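Spelled out from the first residue to the last, the chains are:
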Amino acid sequence: ILTGHKGFIGSHLYKFLNNKLNTDVLGIDLKDGNDLCDANLTSSLPDCDICIHFAATNGTKLFYSSPTNVSRNNTLPTFNLIERYKNSKTKFIFASTCEIFNGATDKGLHSIPTDETVPIVFEDIINPRWSYSLPKALGENLVANGMNNWLVIRFFNIYGPGQIDHFISEFEERILNENNYSINGNDTRSFCYIDDAVNILDRIIFNLDNEIINIGNPIEYQIADVAKMIMEIHGLKNYELKINASPKGSATRRSPDVSKLRKFIGDFAYTPLIDGLKQTLKI
């Protein structure tokens, strides 16, 4: 079972697994009317060897505009799915996020690149931005304590074709449709192309148990540099980029330590950012 199979990461993984496996992958998605907040739905799901729980309400704009819905939609499904499979032999794979430790890294409480031992810290608990990451932190605890066989994936800024409500797609829309050449903040991020993330997932979801592990590209980029790459790809080299203040709560740096991942999969050749951007923007 793969929840959120019509979302960004889920759709790419769904296609990959269906092409690879001899059995069908059962996709469960809100876009098909399947609301995992409904315990009656989750209790009726069939037995399965692996439940990959990627269904989530994501998108930074939504964190601020509808935080209650974001929190609800990222909490109840995890509770319900664990209740369904906790007494089974099902392996439970949970999609978490690097957003859960912004407070620790920004306060200098842990090193960057960030490994899996980072403390989970939320500064300014009333900030609506945490409506997404708080349920993810809770989910990690629920999964690790509610399932016998589990894997928690901490994703670091996965990007690629079909993604919405993300910096790359939003910035492209602004420069092409609004002639708006501005970004909010010039923090650093490590961008990992979706094909790389899916290939890494394929190597670990069947073979790695009871671990928390980072998936991301360890190379950091200033957001301004990424924005300029996007402008250059579209032939907009002569326009000046304006840098506004960062949103409250935005991490100043974000980069994964993938040492633990490399112990399991060995060396991995990541897609260069410029190549991934061209594929994403279809240029």
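Above this text is the structure in question.
For clarity, every value in this text was computed on a predicted model and none was experimentally measured. (Residues numbered from 1 in each chain as written. Predicted model: local features only at pLDDT ≥ 70, side-chain atom pairs only at ≥ 80, totals over all residues. Heavy atoms only, no water.)

**Things to note about the sheet that holds strand β2 (residues 27-28)**
Here comes step 1: Read across the open sheet, the six strands follow the order β2-β1-β3-β4-β5-β10; overall the sheet is parallel. Edge positions in the open sheet fall to β2 and β10 (211-215), since each of these has one partner strand only.
Here comes step 2: Pairing geometry for strand β1 (residues 2-3) and strand β3 (residues 50-53), over two bridges, is parallel. Note on β3: the bridge partner recorded for L2 is I52.
Here comes step 3: Each of β1, β3 and β4 (91-97) touches helix α5 (residues 76-85); the most contacted strand, β3, lies at about 175° to it.
Here comes step 4: Where helix α9 (residues 194-204) meets the sheet, it contacts β4, β5 (150-155) and β10, and its direction lies at approximately 155° from that of β10. (Pairing = 2+ DSSP bridges. Helix = DSSP H or I, 4+ residues; strand = E, 2+ residues; numbered from the N terminus. Contact = heavy atoms within 4.5 Å. Axes fitted to C-alpha atoms, helices over the stretch in contact; angles between N-to-C directions.)

**So, the pattern of salt bridges**
Here comes step 1: Inspection of every chain in the model, using the stated rule, returns 13 salt bridges.
Here comes step 2: Residue K91 pairs with D209 through a salt bridge whose shortest N-O separation is 2.8 Å. One end of the pair, K91, is in strand β4; the other, D209, is in the loop between α9 and β10, with 118 residues separating them in the sequence.
Here comes step 3: Using a relative accessible area of 5% as the deciding quantity, one classes K91 as buried.
Here comes step 4: For D209, a relative accessible area of 38% corresponds to the partly exposed category.
Here comes step 5: The shortest N-O distance in the salt bridge between E99 and R129 comes to 2.9 Å. Placement of E99 in the loop between β4 and α6 (102-106) and of R129 in the loop between α6 and α7 (130-146) is noted, with a sequence separation of 30 residues between them.
Here comes step 6: The class of E99 is buried, set by a relative accessible area of 8%.
Here comes step 7: On the basis of relative accessible area, R129 is assigned to the buried category, the value being 5%.
Here comes step 8: Each member of the salt-bridge network shares a partner with another, and the members are K61, D165 and E170. (Salt bridge = Lys/Arg side-chain N within 4 Å of Asp/Glu carboxyl O. Buried < 20%, exposed > 50% of the residue type's maximum accessible area, 1.4 Å probe, protein only.)

**What to know about the side chain of T280**
Here comes step 1: Mapping T280 onto the fold places it in helix α12 (residues 273-281).
Here comes step 2: Judged by relative accessible area, which is 15%, T280 ranks as buried.
Here comes step 3: Among all residues touching T280, those that are not within four sequence positions of it are Y159, G160, P161, I168 and Y193.

**Re the environment of H110**
Here comes step 1: By the element assignment, H110 lies in the loop between α6 and α7.
Here comes step 2: Residue classification places H110 among the buried positions, given a relative accessible area of 18%.
Here comes step 3: Every residue in contact with H110, bar those within four places of it in the chain, is listed here: A104, T105, D115, T117, V118 and P119.
Here comes step 4: A distance of 2.8 Å separates a polar atom in the side chain of H110 from a polar atom in the side chain of D115. (Polar contact = N/O pair within 3.5 Å; in protein donor to acceptor, adjacent residues only side chain to side chain.)

**Considerations on the environment of I28**
Here comes step 1: The residue I28 is located in strand β2 in this model.
Here comes step 2: Measuring from C-alpha to C-alpha, the distance between I28 and I1 comes to 7.3 Å, with 27 residues separating the pair along the chain.
Here comes step 3: Non-local contacts of I28, meaning those with residues more than four positions away in its chain, are made with I1, L2, T3, G4, H5, N34, L36 and L45.

**Examining the state of the cysteines**
Here comes step 1: With the rule as written, the count across this model stands at zero disulfides.
Here comes step 2: We note that C51 lacks a disulfide partner, and the nearest cysteine sulfur, in C48, lies 5.2 Å from it.
Here comes step 3: C51 sits in the buried class, given a relative accessible area of 0%.
Here comes step 4: The closest cysteine sulfur to the non-disulfide-bonded C98 is located on C192, 11 Å from its own sulfur. (Disulfide = S-S within 2.5 Å.)

**Side note on unusual backbone geometry**
The phi angle of most residues is negative, glycine excepted, and most peptide bonds adopt the trans form.
Here comes step 1: Cis geometry marks the peptide bond from I112 to P113, where omega comes out at 5°.
Here comes step 2: Checked against the element boundaries, P113 lands in the loop between α6 and α7.
Here comes step 3: At D124, a position not held by glycine, the phi torsion is positive, near 55°.
Here comes step 4: Position of D124 relative to the elements: it lies in the loop between α6 and α7.
Here comes step 5: Of note, the phi angle at D165 is positive, near 55°, even though the residue is not glycine.
Here comes step 6: Topologically, D165 is positioned in the loop between β6 (158-159) and α8 (167-178).

Keep in mind these numbers describe shape, not what the thing actually does.
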